[in-house]
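Listed here are the chains, written in short residue letters.
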Amino acid sequence: MTTKLFGEPVARREDPRLLTGQGRYLDDLGGEALAAAFVRSPHAHARIRDVDVTAALDVEGLVAIYTWEDLPERVGRALPLLIPHPALTHGRTAYPLARELVRHVGEPVVMVVATDRYAAEDACALIEVDYEPLKPVVGLEESVQGAQLVHEDVPGNVGAHLVQEVAPAGGRGAREAIEAAPHTLAFRLDIERSASMPLEGRGVYARWDGRDLRVYSSTQTSTSVRMAVAAALGLPLPQVEVIAPDVGGGFGVKIVHPWPEEVLVPWAAMTLGREVKWAEDRREHFVSSAHERAQVQHVRVGFDDDGRVLGLDVTILHDHGAYTPYGIIVPIITSTQLLGPYKPGAYRVEFTAVYTNTVQVTPYRGAGRPQGVFCMERTMDKIARYLGKDRTDVREVNLIRPEEFPYDQGMTFQDGRPLIYDSGNYPEMLRMIKELIGWDSFERRPGRGIGIGCYVEGTGVGPYEGGHVQITSDGRVHVSTGLTSQGQGHETVFAQIAATELGVPIERVSVVTGDTRRFGYAVGTFASRAAVVSGNAIALACRKVRAKALRVAADALEASPDDLDIADGVVHVAGAPSASIPLSTVAVLANPLRYAFDEETAKATQFSGTASPDRPPVAEGEEPGLEGRDFYSPIRSTFASGMHAAIVETDPDTAEIKIVRYAVVHDCGRLINPMIVEGQIHGGVAQGIGGALYERMVYDQHGQLVNASFMDFLMPYATEIPHIETAHLETPSPLNPLGIKGAGEAGVIPVSAVIASAIEDAEGIAIDRMPISPSELFDARERRRLE
Ligand code: MCN
């Protein structure tokens, strides 16, 4: 095969379109549609006494106003709880429009539809909602006290509680092991609340033609939106199409389905018989979508003189916010993946997830892992400091060795399946990161420190994805898969896979994602799963099509399929290049209708015109055409891993923190496209730096999010992001045909831990909370001075 593109740094094919303003995002569509806008709660907790719409009725262009009472029973139901779990004893989800109570600032109360957004917003401003304010629960400490309840029927505000314990066979439990250990440490760690901030917010646009409903949504899961909308509106699935156009980022927030707006806008379109659209504005994104991180962790660890962990006991307090559409996926990921590349003697983890009157918490890139890695890596650093050892030596003695794979880490994941690491080489990775950053030659001085952080990430979760591949009689290859893209470069990597598998030039391959008309069975883009799950499904579909192409070509060339190969879009007999036939011709021959795209092919297939006069029947066991589809359904996750290191400098006067160097070693199995993986890592690291130094959601005691704008919620600019040095280690996954592991969240996961490690090294001050601002570092210095 000459067309080997798998593993090559092929330039992203979507970029010319996306970077020159040719992208078609949600708000570029539906120019003629009516606009929806929402009245959202200004209170964190209140009872709705009355809604008076009288003044709004005079607004020119007003079309309709809806409250919860106006919704039919199916539409007005509480939104689905997407991933139930036995430990989630009190899961709660919101109604599409608030029913009697509001539980966070920003909860939608009234929907207005008007001829344009200006009129809709004007009407919203004139609607008077009479609220009876209730005392809000803000912050974890207040929630666990349970004096005030977020949901009247959830005692103590506790939605979920789970304990998991792993002990070596016949060995002590974690608490016992800690008591018996030569050394012990105990400390508390805090990670503040942050959120995905895609450039494009959420949005939905729907049209109803009296029979079929077409919904465009800026989503990460178009097939799930389709099912949810069909169910809510009582429509048969084939009558609902959902299309994700270009999506300007998601980072997790667009997995939640359906959002209230995703049900309400299509329902309004059907009810009014008009096209309706809603595009989220930035403030709505802050107060009405979802947040994450927000955890307090108490750690106790026992270890020996070498720093080997003998027992680890972690207690996590997790903030759900007001609702749990995604169940307990975030704290369960923290608790089960916290151990990273290490094997402590015994591990006990307990989490309690509580409600507060704040925006709901759902997975954001990294999904609970940054908190877990912060916990484990702070632990490693503290052990090293206590023993006066090098921090990498302490990590080294705790690492899982290459010969121990597959390694059953002992925990049970959300779906009840065990966490088994499939492959990796952590000691080699540690050697590589030390060399890349120059760990051993680093010259430490006050105000200049070096830090390290390591992680393991379960990627490529099931249950399945599919791929459809068709070769048409012009020789082009059309690939589709149901999951969506938000900027990950899927148009490029899936084309690389198809081009390599089929032996065709990549220019002839086109890729469609996230369109239920093209592919109806899919799960979605999250959990770094597209490359593993759709990538393998597409490869398997290509292999089917390739096998058929060889069968048809073998007939024409009077050869055995085993003697044939495909290169540059031409099937040829191995060793006899003149005996060949282009795939375009094979595609014509594969369809008895014999429709040739051009004259040359028509001649080659021995007929002219558009239809063959004599049509042979379709061979038994075959289907007409050169197309096929297949699914890939992983038996369990494949575990990617990485180690990051950074050098920081802190200003002696202003306490400003500057990242001088940042290095990454990453293992996502076989790389499809190293350039795209590096881009993913760079984006992730930038997001991680935001979480380490800048980004936090600041709620006041009334439950008001006081920094709900980009003026006040600090995100790093390009000027704050250092050059990121990257090296790859490829330990193929034995679990899937292509040997791939995921990469999409890799960059973000360990950054807070790495930066904390480096600042602590520079300052000699324990860094136990993230993010850390210059003023907080300054205060910490002052506290130390006074001690
Ligand atoms: N890749 C590769 N070789 C591998 C693994 C991955 O070339 N061995 C490529 C993939 O083909 C894909 C990219 O790297 O183009 C990321 O792959 P993968 O790890 O499968 O992640 P997904 O495509 O499933 O994307 C989801 C992941 C998540 S969970 C979040 S959150 C996230 C992220 O991707 N959100 C993003 N990256 C994002 N990037 C952009 N621009 N926007 C977002 O919203």
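What you see is a predicted model, and the numbers here were worked out from it, not measured in a lab.

**Some remarks on the overall build of the protein**
(1) Moving on: Across its full length, the protein holds 19 helices and 29 strands.
(2) Moving on: Against the globule reference of 28 Å for 787 residues, the protein gives a C-alpha radius of gyration of 28 Å, in line with a compact fold.
(3) Moving on: If you line up the protein on its principal axes, its C-alpha atoms span 95 × 70 × 50 Å.
(4) Moving on: For the protein, buried positions account for 56% of its 787 residues.

**Looking at the site of the ligand**
(1) Moving on: Taken together, the neighbourhood of the ligand is formed by 37 residues, with Gly487, Ala530, Ala531, Gly742 and Gly744 sitting nearest.
(2) Moving on: Elements with a minimum of two residues in the shell around the ligand: helix H13 (490-502), helix H14 (530-557) and helix H17 (674-694).
(3) Moving on: With four residues, the single largest contributor to the shell around the ligand is H17.
(4) Moving on: For the shell around the ligand, the class distribution of residues is 15 nonpolar, 17 polar and five charged.

**What about the domain arrangement of the protein?**
(1) Moving on: When cut into domains, the protein gives domain 1 (31-134 + 197-288), domain 2 (163-181 + 290-461 + 635-786) and domain 3 (463-632).
(2) Moving on: Measuring from the centre of the C-alpha atoms in domain 1 to the corresponding centre in domain 3 gives 41 Å.
(3) Moving on: In this complex, domain 1 contributes 16 residues to the contact, which on the side of domain 3 involves 15 residues.
(4) Moving on: With four residues, the single largest contributor to the side of domain 1 that touches domain 3 is helix H6 (residues 222-233).
(5) Moving on: Across the side of domain 1 that touches domain 3, the residue classes tally to five nonpolar, nine polar and two charged.

**Describing the sheet that holds strand S14 (residues 309-321)**
(1) Moving on: Strand order in the open sheet made by the six strands is S7-S15-S14-S13-S8-S29, with mixed pairing throughout. Strands at the two margins of the open sheet, each flanked by one partner only, are strand S7 (158-166) and strand S29 (769-770).
(2) Moving on: Pairing geometry for strand S13 (residues 292-303) and S14, over nine bridges, is antiparallel. Bridge pairing links Val301 to Leu312 in S14.
(3) Moving on: Here helix H9 (residues 329-337) sits on the sheet and contacts S7, S13, S14 and strand S15 (346-355); the angle it forms with S14, its principal contact strand, is near 170 degrees.

**A word on the UniProt feature "domain: Aldehyde oxidase/xanthine dehydrogenase a/b hammerhead" (unreviewed entry) in the protein**
(1) Moving on: Here, the residues flagged by UniProt with the feature "domain: Aldehyde oxidase/xanthine dehydrogenase a/b hammerhead" (unreviewed entry) are residues 20-135.
(2) Moving on: Taken end to end, residues 20-135 has its terminal C-alpha atoms 50 Å apart, with 12% of it in helix and 29% in strand.

**Things to note about the packing of H6 against helix H7 (residues 260-272)**
(1) Moving on: It is the contact of H6 with H7, at a shortest axis distance of 10 Å, that shows an interaxial angle of 55 degrees. Taken together, H6 and H7 sit at an angle that is classed as oblique. In the crossing of H6 with H7, the sense of the turn from one axis to the other is right-handed. Judged by residue contacts, Val225, Val229, Ala232 and Leu233 of H6 engage Glu262, Val263, Pro266, Trp267 and Met270 from H7.
(2) Moving on: Residue classes in the contact of H6 with H7 are distributed as eight nonpolar, no polar and one charged.

**Topic: the sheet that holds strand S28 (residues 724-728)**
(1) Moving on: The four strands are arranged S18-S26-S27-S28 in an open sheet whose pairing can be described as mixed. A strand with exactly one partner marks an edge of an open sheet, and here the two such strands are strand S18 (448-459) and S28. Averaged over all pairs of adjacent strands, the angle between their axes in this sheet comes to 15 degrees, without regard to strand direction.

**Let's talk about the nonpolar core**
(1) Moving on: Judged by nonpolar contacts, the single largest core of 185 residues is most densely connected at Ala498, Ile538, Ala549, Val571, Val586 and Ile755.
(2) Moving on: Among the elements that line this core, the one with the most residues is H14, at 16 residues.
(3) Moving on: The contacts of Ile538, once residues within four sequence positions are left out, are Gly467, Val469, Val479, Thr481, Phe494, Ile497 and Ala498.
(4) Moving on: Ala35, Ala56, Ala119 and Leu233 belong to the second largest nonpolar core, which has 57 residues in total.

**Considerations on the pairing of strand S2 (residues 46-52)**
(1) Moving on: As paired elements, S2 and strand S4 (residues 101-102) share two bridges and run antiparallel to each other. Within S4, the residue paired with Arg47 across the bridge is Leu101.
(2) Moving on: With six bridges connecting them, S2 and strand S6 (residues 128-133) associate as antiparallel partners. Bridge pairing in S6 links Asp50 to Asp130.

**Notes on unusual backbone geometry**
Outside of glycine, negative phi angles account for most residues, and trans bonds account for most peptide bonds.
(1) Moving on: In this chain, His257 is followed by Pro258 through a cis amide linkage whose omega measures -10 degrees.
(2) Moving on: By the element assignment, Pro258 lies in the loop between strand S11 (240-243) and H7.
(3) Moving on: Here the amide bond leading from Met770 into Pro771 is cis, since omega sits at 0 degrees, within 30 degrees of zero.
(4) Moving on: Summarising the element assignment, Pro771 is placed in the loop between S29 and helix H19 (774-786).
(5) Moving on: Despite not being glycine, Ala294 shows a phi value in the positive range, around 40 degrees.
(6) Moving on: You can see Ala294 is positioned in strand S13.
(7) Moving on: For Ala294, a count of 26 C-beta atoms within 10 Å translates into the label buried.
(8) Moving on: Positive phi outside glycine occurs at Ala527, with the angle close to 55 degrees.

**Section: the environment of Asp27**
(1) Moving on: Summarising the element assignment, Asp27 is placed in the loop between helix H1 (15-19) and strand S1 (34-40).
(2) Moving on: In this structure Asp27 comes out as partly exposed when scored by C-beta crowding, with 19 C-beta atoms within 10 Å.
(3) Moving on: Between the alpha carbons of Asp27 and Lys277 there is a distance of 8.2 Å; along the sequence they are 250 residues apart.

**So, helix H10 (residues 369-387)**
(1) Moving on: Between its first and last C-alpha atoms H10 spans 27 Å; for 19 residues at 1.5 Å apiece the expected length is 27 Å, and the two agree.
(2) Moving on: With 15 of its 19 residues buried, H10 lies for the most part within the structure.
(3) Moving on: Phi turns positive, to about 70 degrees, at Gly388, one or two residues after H10.

**Brief notes about H14**
(1) Moving on: Under the 1.5 Å per step criterion, the end-to-end length of H14 is 38 Å for 28 residues, consistent within 8% with the ideal 40 Å.
(2) Moving on: Of all 28 residues in H14, 21 are buried, a share of seventy percent or more.
(3) Moving on: Where H14 terminates, the next one or two residues include Glu558, which has phi positive at roughly 50 degrees.

Each value, and the rule that gives it
Residues numbered from 1 in each chain as written. Predicted model: local features only at pLDDT ≥ 70, side-chain atom pairs only at ≥ 80, totals over all residues. Helix = DSSP H or I, 4+ residues; strand = E, 2+ residues; numbered from the N terminus. Rg over C-alpha atoms; globule rule 2.2 N^0.38 Å. Buried ≥ 20, exposed ≤ 12 C-beta atoms within 10 Å, placed from the backbone. Near = placed C-beta within 6 Å. Nonpolar A, V, L, I, M, F, W, Y, C, P; charged D, E, K, R; others polar. Domains from an automatic or database assignment. Contact = placed C-beta atoms within 7 Å. Pairing = 2+ DSSP bridges. Axes fitted to C-alpha atoms, helices over the stretch in contact; angles between N-to-C directions. UniProt positions renumbered as here; feature names shortened; annotations may be inferred. Parallel < 35°, antiparallel > 145°, perpendicular 65-115°, else oblique. Left-handed = near helix turned anticlockwise from the far one by under 90°. Core = buried A, V, L, I, M, F, W, Y, C linked by C-beta atoms within 7 Å. Expected span 1.5 Å × (residues − 1).

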